[in-house]
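A structural walkthrough
So you can see what is in the structure, the chains are spelled out below.
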Amino acid sequence: MEKDSMPKIRPISPPLEVPVFNIVIYVSRIDGKVKARVANLPDLVFTAGSEPVVLKQTISEVKNRLGQWHKDQCKIPWVDPVPPAANGEQERFVPVHL
């Protein structure tokens, strides 16, 4: 098919804006467990037996809270500047889509 004879595809609705938030999580090992601490939001700390499990828990709760704040049009209580990682913590950067 020639370029000019190809059918035109038109969207059936306008594109949606999907909010994306950059989350900083500090991960460490304590007493055989893995701890995840969200560095740029207050009061979010989780512990589990492995990093994948604790990150899943953390990201799920972050999405819940961000989604509620976004829905309610509340100001998100970002911690800014982000505090540095403590000894033994490693950084994980996670983009969260609502």
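A few points on the structure. (Residues numbered from 1 in each chain as written. Predicted model: local features only at pLDDT ≥ 70, side-chain atom pairs only at ≥ 80, totals over all residues. Heavy atoms only, no water.)

Before going further, it helps to spend a moment on unusual backbone geometry. The omega torsion of the bond from Asp80 to Pro81 falls at 10°, within 30 degrees of zero and hence cis. Locating Pro81 in the fold gives a position in the loop between α1 (51-71) and β4 (90-97). Not every positive phi belongs to a glycine, and Asp43 is a case in point at roughly 60°. Inspection of the secondary structure puts Asp43 in the loop between β2 (33-38) and β3 (45-48). Not every positive phi belongs to a glycine, and Gln73 is a case in point at roughly 55°. Residue placement: Gln73 occurs in the loop between α1 and β4. (Helix = DSSP H or I, 4+ residues; strand = E, 2+ residues; numbered from the N terminus.)

Every second residue of β2 is oriented toward a common face, the buried set being Val34, Ala36 and Val38 and the non-buried set Lys33, Lys35 and Arg37. Sheet topology places strand β1 (residues 20-30) next to β2; six bridges connect them, and they run antiparallel. Within the sheet, the bridge partner assigned to Arg29 lies in β2 and is Val34. As consecutive antiparallel partners, β1 and β2 are separated by two residues, and within that stretch Asp31 has a phi angle of approximately 50°, a positive value. Between β2 and β3, which pair antiparallel in sequence order, lie six residues; one of them, Asp43, sits at a positive phi of approximately 60°. (Buried < 20%, exposed > 50% of the residue type's maximum accessible area, 1.4 Å probe, protein only. Pairing = 2+ DSSP bridges.)

Below, the discussion takes up the sheet that holds β3. With antiparallel pairing, the four strands of this open sheet are ordered in space as β3-β2-β1-β4. Edge positions in the sheet fall to β3 and β4, since each of these pairs with one other strand and no more. Strand-to-strand twist across the sheet, computed as the mean angle between neighbouring axes with direction ignored, equals 30°. Sheet topology places β1 next to β4; eight bridges connect them, and they run antiparallel. By the bridge assignment for β4, Val27 is matched with Gln90. Strand contacts of α1: β1, β2, β3 and β4, with the helix running at about 150° to β3, the strand carrying the most contacts. (Axes fitted to C-alpha atoms, helices over the stretch in contact; angles between N-to-C directions. Contact = heavy atoms within 4.5 Å.)

Let us now look at the pattern of salt bridges. A complete count under the given rule lists three salt bridges for this structure. The residue Arg37 makes a salt bridge to Glu89 at a minimum N-O spacing of 2.7 Å. Of this pair, Arg37 sits in strand β2 while Glu89 sits in the loop between α1 and β4, and the two are 52 residues apart along the sequence. Its salt-bridge partner being Glu61, residue Arg65 comes within 2.9 Å of it at the nearest N-O pair. (Salt bridge = Lys/Arg side-chain N within 4 Å of Asp/Glu carboxyl O.)

Inspection of every chain in the model, using the stated rule, returns one aromatic pair. Ring geometry for Phe21 against Trp78: centres 6.0 Å apart, planes inclined by 35°, an arrangement best described as tilted. Placement of Phe21 in strand β1 and of Trp78 in the loop between α1 and β4 is noted, with a sequence separation of 57 residues between them. (Phe/Tyr/Trp six-rings, centres within 6.5 Å; stacked < 30°, edge-to-face > 60°.)

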